[in-house]
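# Per-entry structural report
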Protein chains: 2
Amino acid sequence: MSHSRNVYLDMKTLEEARAILFSTFKSAGMPASETLPVSDAIGRVLAEAVTARLSSPSFHAAAMDGFAVLAETTFGVSESRPQKLILGQDAFAVNTGHVLPENTDAVIMIEHVHAVGDGLIQIEAPVFPWQNVRRMGEDIVATELLFPQNHKITPYSIGALISGGVLSVKVRKKPHVLIIPTGSELVDCRTTPIESLKPGQVLESNATVLSALVEAWGGRPQRGDMIRDDLKTLTDALQNACEGDADIVLTVGGSSAGSEDFSRAAIQELGEVLVHGVTMMPGKPVIMGVIHNKPVFGIPGYPVSAIVAFEQLAGPLIAMMLGQPEPQRPVATVEPIRKIPSKAGLEEFLRVQLGNVNGRIVAIPLPRGAGCITTLTKADGIIRIPRHSEGIMENEPVQAELLRPLSSINNTVVVVGSHDNTLDVLSDMISARYPGMVLSSSHVGSMGGLMAIRKGVCHIAGSHLLNTEDGSYNLSYIRKFLPDTPVKRVQLVFRDQGLMVASGNPKHIQGIEDLSRKDIRFINRQTGSGTRILLDYRLNQLHMNSEDIAGYDTDEFTHMAVAAAVLSGTADAGLGISAAAGALNLDFIPVVTEQYDLIIPEIFFETENIQRLLNVIRSDMFKEKVNRLGGYHTERTGEVLES
Amino acid sequence: MSHSRNVYLDMKTLEEARAILFSTFKSAGMPASETLPVSDAIGRVLAEAVTARLSSPSFHAAAMDGFAVLAETTFGVSESRPQKLILGQDAFAVNTGHVLPENTDAVIMIEHVHAVGDGLIQIEAPVFPWQNVRRMGEDIVATELLFPQNHKITPYSIGALISGGVLSVKVRKKPHVLIIPTGSELVDCRTTPIESLKPGQVLESNATVLSALVEAWGGRPQRGDMIRDDLKTLTDALQNACEGDADIVLTVGGSSAGSEDFSRAAIQELGEVLVHGVTMMPGKPVIMGVIHNKPVFGIPGYPVSAIVAFEQLAGPLIAMMLGQPEPQRPVATVEPIRKIPSKAGLEEFLRVQLGNVNGRIVAIPLPRGAGCITTLTKADGIIRIPRHSEGIMENEPVQAELLRPLSSINNTVVVVGSHDNTLDVLSDMISARYPGMVLSSSHVGSMGGLMAIRKGVCHIAGSHLLNTEDGSYNLSYIRKFLPDTPVKRVQLVFRDQGLMVASGNPKHIQGIEDLSRKDIRFINRQTGSGTRILLDYRLNQLHMNSEDIAGYDTDEFTHMAVAAAVLSGTADAGLGISAAAGALNLDFIPVVTEQYDLIIPEIFFETENIQRLLNVIRSDMFKEKVNRLGGYHTERTGEVLES
């Protein structure tokens, strides 16, 4: 179809793109320098080597309270051969930090001295030269190198600088980075109340995130005006930007190959496109260009793409300009809990949740959509799957870059299984009571939780699996699927499951029976979820056929996602918990009250973190907060059940 | 001797002191909260859980340029059964990001569509529901938990907050920390020109360092006036401080047991001393107290003690107030290159330089004086030697807390051996040319350098060992001491060695012969240093006896330290290099021109970092800078010599 579109003529690998970037702008040189008082220079980079102007100490100083003497006059003294010293002639009273009087080179500690009358002291042991003395220059000798250029000033550095008499330093100016958000759909979140958002409008967030990242990388961000999708407007804005005093220009959005993507054309009109398209994911549609010798980036608009493109290209350029090595995240060896296929030809930045389960760091892949910022905010680490790889096998040890310190990952309780809103309450209360302890939950359905326990990749499984023969929950499944894993079972809540329907119930849905009506579109939960088992059980009881239910094969992974589908009108009904319906103001038609338990392997049960978690669950405050959600019953919450 | 002194009545271990601290102030509770726009909240801590106000996307959005359709109308379509769609009725043109028109649930990519005439398109493949669509709530569902309380906001968090419609957040106020420097010797470095410093006066640096640390730990520092050593003045200042709005008060200096140490008495007068003295080194004389329910610390005045006391006690209290876990430094397993004895009964924080030599991280202990801030600024890591330990054996693998990222330690060239000022020039130029590459040098004398090579604990040894039989340098020593280690030898410089004497040469020293004069006090270099070998060689040639030289047994480890001793009048003469004399404006009486080489094991010679270092050494700029120091000759600099 005829349509004005860009094409990625010649995608580069990330290594190629970086090589082009660094070689193109190497000659641009370092930014200018500025002189700052040392106290304002923390985190800044020295533009030149700094040498000491003063020695430290700048004089010989007593290191103890006592008496300064010339050490050689005390040689030979002992208990049997004590010696008297005349104050003001042989010995001089000094306190710690005092200047050593002339012609003395040692201090006798006050504890080792006896007063023996008018102006006389007696000693019973010798001192050696420089004993109890801080010698001039012991720490720093004037003129010595304190720090080479490109040293990044830390709080500790400040101490050495001041002690060396250096009170101001020449540091590199922060590279000035201008950020221009583009997109006709964007709305400035600082000026538009969210209530007035219209469908199709999007709160601009990338510019704020990128500004924060620019600062973190040592640059000085400036936010330009938002630009609508229009080639002329963008070209004019870029022209102004490149004639101004910015060191780097970022346009955000419109870097792809769509009909409303103008970044490439605008850069091409004013300068040169160096790279369009890098074989990485997210971040593929990034553009690198040069206008008036100035680096210009077309940063993709999807939030995770924007961050990856910045961190892999624009950030490292800032570091280069500051003479700094690129910051390296700490890494750890992790094991994915399931197979992760990946597209060969693209280097993938896969976001994962991490936790230490019985000595192994397990990695739970998060969704891969570049449009989902929560795949990064929920991530504890990033696994980089190389370009030539087609993925990672289950349990294959791989390196992950860590987004949280290892100590924090080691302090994480990994919950896998069915989703329930009370887990959010639990997470918040744990975070409040036990700073540093983290509850990380991953929603794969009840059966997924049990399988995770069997594989030894989680501390807790959340489960509400109904035994359709006797109406019991979880016990028969544990016996069947975890025969070799001793576990404890703790009841979290009873909860109401029912049909979530649009507010006011416009389609007059009364119960499960209505789901086979032709005018009803259902949204299901995934196979293996307790809610789906519950649905199938009810369908069976009612002699209904799943094939008669429109939407039975469309599924979501959480109650909230089902509720969102109903709210948006995508579906007319979904089975889920009352709390999810209540959260989005949907109507709720109760179907059954079910039991939701936590399944905990016995090897973890007595650990500090599990006991802390149980303390929270058993607290009145937890029960109160859960009851406030609605649709929950806490009379047996926290009880250890038969398992 | 009668003398007004404090005593450490009851020292606590660090664990005990921390337990007392945390339990005493736990009830003090969290600081109040404040509400900030999200863009100002980076690095701050959420005072309450944050839930999303908007879903993201807040509408079903096209994820591709193309045509929106109802997927089920395309089922069964194939190349052999193409289908025509009427624009505006069956299909609607959309671009990426556009709202999906009503009654559509999928987007056909523009590439897969043929225009077949007026208002008609043709497709040859089906789409499935939600294909190429970003569904409402795919990233965030309104009301879902975005972050629990105590979450620390990162740049990424900002993206999730704005996308979830959260534009301002309630964060914990930064704990307000008042810092009161004490000490009659102190001079405010911001107001006193260093030229006017008098002997006995010291530039105050702790308050600036502690302010920076308070900020790094999340607090808000305020610097109080400097207080002289006087109980009444200090008590008044503390009283004011504790009645004011500070959350934590630090007095700095005067926490020890000397006659001019008043912190303890002042705290006791106004409140209660909880702990005086912690069995750690540095930092032992720290005080913890409480006045009007407010935590007050007596921070010791030695710069390293001050930092350790802050980081082990006051900093963690700030973290607790913010509901944050204590930051943990990354650790690595390291091997000390020599035995490190330590005092049992004290937990020691030993500062070490680190480098990766042939796969092992070697640790070179730095001097241990708490008064030397450079022992911390030069350190790459800290080995904590437990209280019950009497030290660490050579090569015993121990954990070190890292002060630089492991990637930086792995990018460090470790030079051990004789000290020469040109190594500073080299370090600065390497840092400028190769960001991230570090030259770490440790001064143990030439022989110490060769031994380090033999033990495999350094990349390069700097050496100027004279063969007293044939006048050659280094070669015979290499053959004797490194028979099994193939090495390359690269000449760094020729340099002048001579006697450094006070400016104007007041004692009329002409040469080595004068050192036996009774009115001359000499300062020597340590055994094993090339300079000492040179001295002994000359003494031998001149038939002089070392016992006739006053000060022969007093030694220093570097040329600069010898120069400083002469400058301060401690010694009248020392043997050293011209550059050191020149740096401190001493007179210099040449004795000999000697050769200083770098000895490099062959296994390292071809590595990238060694080749980079040789590139620098062979550059004209290096030679120019070295020649500018004076007393150096660079005609063979960079040459590979026989070895």
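Rules behind the numbers
- Residues numbered from 1 in each chain as written.
- Chains lettered and ligands numbered in written order.
- Predicted model: local features only at pLDDT ≥ 70, side-chain atom pairs only at ≥ 80, totals over all residues.
- Heavy atoms only, no water.
- Helix = DSSP H or I, 4+ residues; strand = E, 2+ residues; numbered from the N terminus.
- Rg over C-alpha atoms; globule rule 2.2 N^0.38 Å.
- Contact = heavy atoms within 4.5 Å.
- Lys, Arg positive; Asp, Glu negative; His and termini not counted.
- Charge placed at Lys NZ, Arg CZ, Asp CG, Glu CD.
- Core = buried A, V, L, I, M, F, W, Y, C linked by side-chain atoms within 4.5 Å.
- Buried < 20%, exposed > 50% of the residue type's maximum accessible area, 1.4 Å probe, protein only.
- Buried area = accessible area lost by both parts, 1.4 Å probe.
- Salt bridge = Lys/Arg side-chain N within 4 Å of Asp/Glu carboxyl O.
- Polar contact = N/O pair within 3.5 Å; in protein donor to acceptor, adjacent residues only side chain to side chain.
- Nonpolar A, V, L, I, M, F, W, Y, C, P; charged D, E, K, R; others polar.
- Pairing = 2+ DSSP bridges.
- Axes fitted to C-alpha atoms, helices over the stretch in contact; angles between N-to-C directions.
- Least-squares fit on C-alpha atoms with pLDDT ≥ 70 in both.
- pLDDT = per-residue confidence, 0-100.
- Phe/Tyr/Trp six-rings, centres within 6.5 Å; stacked < 30°, edge-to-face > 60°.
- Lys NZ or Arg CZ within 6 Å of the ring centre and 35° of its normal.
- Domains from an automatic or database assignment.

## Considerations on the overall build of chain A
Counting its secondary structure elements, chain A contains 17 helices and 38 strands. Since a compact globule built from 643 residues should have a radius of gyration of about 26 Å, the 34 Å found for chain A marks it as more spread out than a globular shape. The principal-axis extent of the C-alpha atoms belonging to chain A is close to 110 × 70 × 45 Å. For chain A, long-range pairs separated by at least 24 residues make up 77% of all intrachain contacts whose partners lie at least 6 apart in sequence. Placing the 56 positive and 72 negative side-chain charges of chain A at their respective mean positions leaves the two points 3 Å apart.

## Examining the nonpolar core
Most often, soluble globular proteins keep nonpolar side chains buried together rather than apart. With 67 residues, the main nonpolar core has L161 and V169 of chain A together with L250, M280, F297, F310 and L313 of chain B as its most contacted residues. Among the elements that make up this core, the one with the highest residue count is helix α6 (residues 303-321) of chain B (twelve residues). Ignoring any residue separated from it by four or fewer positions in sequence, one finds F297 of chain B in contact with L21, I248, V249, L250, T251, I287, M288, L313, A314 and L317 of chain B. Residues I179 and L213 of chain A together with A160 and V169 of chain B belong to the second largest nonpolar core, which totals 66 residues.

## A word on the interface of chain B and chain A
Taken residue by residue, the interface counts 104 residues in chain B and 104 residues in chain A. In this assembly, chain B packs against chain A so that about 8,600 Å² is buried in total across both faces, 64% of it on carbon and sulfur atoms. Across the contact surface, chain B and chain A share seven salt bridges. Run the count over chain B and chain A and you get 32 residue pairs in polar contact (both at pLDDT 80 or more). With eight residues, helix α2 (residues 155-163) of chain B is the single largest residue contributor to the side of chain B that touches chain A. Of the residues assigned to the side of chain B that touches chain A, the class counts are 51 nonpolar, 33 polar and 20 charged.

## A word on the sheet that holds strand β8 (residues 113-115) of chain A
Residues and elements named next belong to chain A. The strand order β5-β9-β8 describes an open sheet built from three strands, whose pairing is antiparallel. Each edge of the open sheet is held by one strand with a lone partner, namely β5 (83-86) and β8. This sheet shows a mean twist of 35° between the axes of neighbouring strands, independent of strand direction. One ladder, built from three bridges, connects β8 with strand β9 (residues 120-123); its direction is antiparallel. What sits directly across from A115, in β9, is I121.

## Regarding the pairing of strand β32 (residues 487-501) of chain B
Within a regular strand, the side chains alternate between the two sheet faces. All names here are of chain B. When you tally the buried positions in β32, you get 14 out of 15 residues, the bulk of the element. Across 14 bridges, β32 lies against strand β36 (residues 587-601) in antiparallel orientation. Looking at the pairing, V493 lines up with Y596 of β36. Looking at chain direction, β32 and strand β38 (residues 640-641) are connected through two bridges and run antiparallel. Bridge assignment links V490 to a residue of β38, and that residue is V640. Pairing of β32 with strand β37 (residues 632-633), which is carried by two bridges, proceeds in the antiparallel orientation. Considered in β37, the bridge of F494 is made with H633. Pairing between β32 and strand β35 (residues 573-577): five bridges, direction antiparallel.

## Some points on helix α13 (residues 559-567) of chain B
Note: α-helices contain 3.6 residues per turn, so residues at a spacing of three or four share the same orientation. Residues and elements named next belong to chain B. For α13, the tally of buried residues reaches eight of nine residues, placing the bulk of the element in the interior. Within α13 the residues assigned to the buried category are H559, M560, A561, V562, A563, A564, A565 and V566. Its buried side turned inward, α13 meets β32, β33 (522-525), α12 (530-541), β34 (555-556), β35 and α14 (578-583). A positive phi of about 85° marks G569, the residue just after α13.

## Details of the relation of the copies chain B and chain A
Superposition record for chain B on chain A: RMSD 0.1 Å, screw rotation 180°, translation along axis 0.0 Å. Taken together, the rotation and translation describe the operation of a two-fold axis. Closest approach to the rotation axis within chain B is made by the C-alpha atom of P330 of chain B, at a distance of 4.2 Å. Most of the interface of chain B is mirrored in chain A: 100% of its interface residues are interface residues there too.

## Some words on the confidence of the model for chain A
The pLDDT averaged across chain A works out to 93; a share of 98% of its residues lies at or above 70. In the predicted assembly, ipTM is 0.93 and pTM is 0.93.

## A look at the packing of aromatic side chains
A ring pair, where both rings are aromatic, is described by two values, the distance of the centres and the angle of the planes. All names here are of chain A. Per the counting criterion, the structure on display carries four aromatic pairs over all chains. Ring plane angle 20° and centroid distance 6.4 Å describe the contact between Y477 and F481, whose orientation is recorded as stacked. Of the two residues, Y477 and F481 are both situated in helix α11 (residues 475-481); the distance of four residues between them amounts to about one turn of the helix. The exposure class of Y477 is buried, given its relative accessible area of 14%. When the ring centre of F605 is taken as reference, the NZ or CZ atom of K488 above it lies at 5.5 Å.

## Quick word on the environment of G301 of chain A
All names here are of chain A. Within the element layout of this structure, G301 appears in the loop between β21 (294-299) and α6 (303-321). Here the alpha-carbon distance between G301 and T154, two residues 147 residues apart in the chain, equals 35 Å. Setting aside residues no more than four positions away along its own chain, G301 makes contact with N206 and G253.

## Considering the sheet that holds strand β4 (residues 66-69) of chain B
Residues and elements named next belong to chain B. Pairing is antiparallel across the open sheet formed by three strands, whose spatial order is β6-β4-β7. In this open sheet, the two edge strands, each paired with only one partner strand, are β6 (92-94) and β7 (106-109). Shown here is a sheet whose adjacent strand axes are inclined to one another by a mean of 40°, direction ignored. Strand direction decides the pairing type here: β4 and β7, joined by four bridges, are antiparallel. Within β7, the position partnered with V69 by the bridge is A106.

## Some details on the pattern of salt bridges
What the rule picks out here adds up to 63 salt bridges over all chains. Between K378 of chain B and E144 of chain A there is a salt bridge, with the nearest N and O atoms lying 3.9 Å from each other. With K378 of chain B in the loop between α7 (374-377) and β26 (381-385) and E144 of chain A in the loop between β10 (133-134) and β11 (145-147), this pair bridges two chains. Given the relative accessible area of 37%, K378 of chain B is considered partly exposed. Take E144 of chain A: its relative accessible area is 15%, and that puts it in the buried class. Residues E204 of chain A and R223 of chain A are paired through a salt bridge, measuring 3.5 Å at the closest nitrogen-oxygen approach. In this pair, E204 of chain A sits in the loop between β15 (202-203) and α3 (206-216) while R223 of chain A sits in strand β16 (residues 220-223), placing the two residues 19 residues apart along the sequence. Several salt bridges share partner residues, and in doing so they unite E311, R329, E347, R384 and E401 of chain A into one network.

## A look at the domain arrangement of chain A
Along its sequence, chain A is organised into domain 1 (14-30 + 174-321), domain 2 (33-56 + 139-172), domain 3 (61-134), domain 4 (334-402) and domain 5 (412-641). Computed over C-alpha atoms only, the centres of domain 2 of chain A and domain 4 of chain A are separated by 42 Å.

## Considering the side chain of S55 of chain A
Residues and elements named next belong to chain A. Among the secondary structure elements, S55 is positioned in the loop between β2 (50-51) and β3 (61-62). On the accessibility criterion, S55 (7% relative accessible area) is buried. Leave out the neighbours within four places in its chain, and S55 touches M136, G137, I140, V141, A142 and S163.

## Notes on unusual backbone geometry
Look at the link from M281 of chain A to P282 of chain A: it is a cis peptide, with omega at -5°. By secondary structure assignment, the location of P282 of chain A is in the loop between β19 (280-281) and β20 (287-291). Unusually for a residue other than glycine, N585 of chain B sits at a positive phi of about 55°. Note on N585 of chain B: relative accessible area 59%, which makes it exposed.

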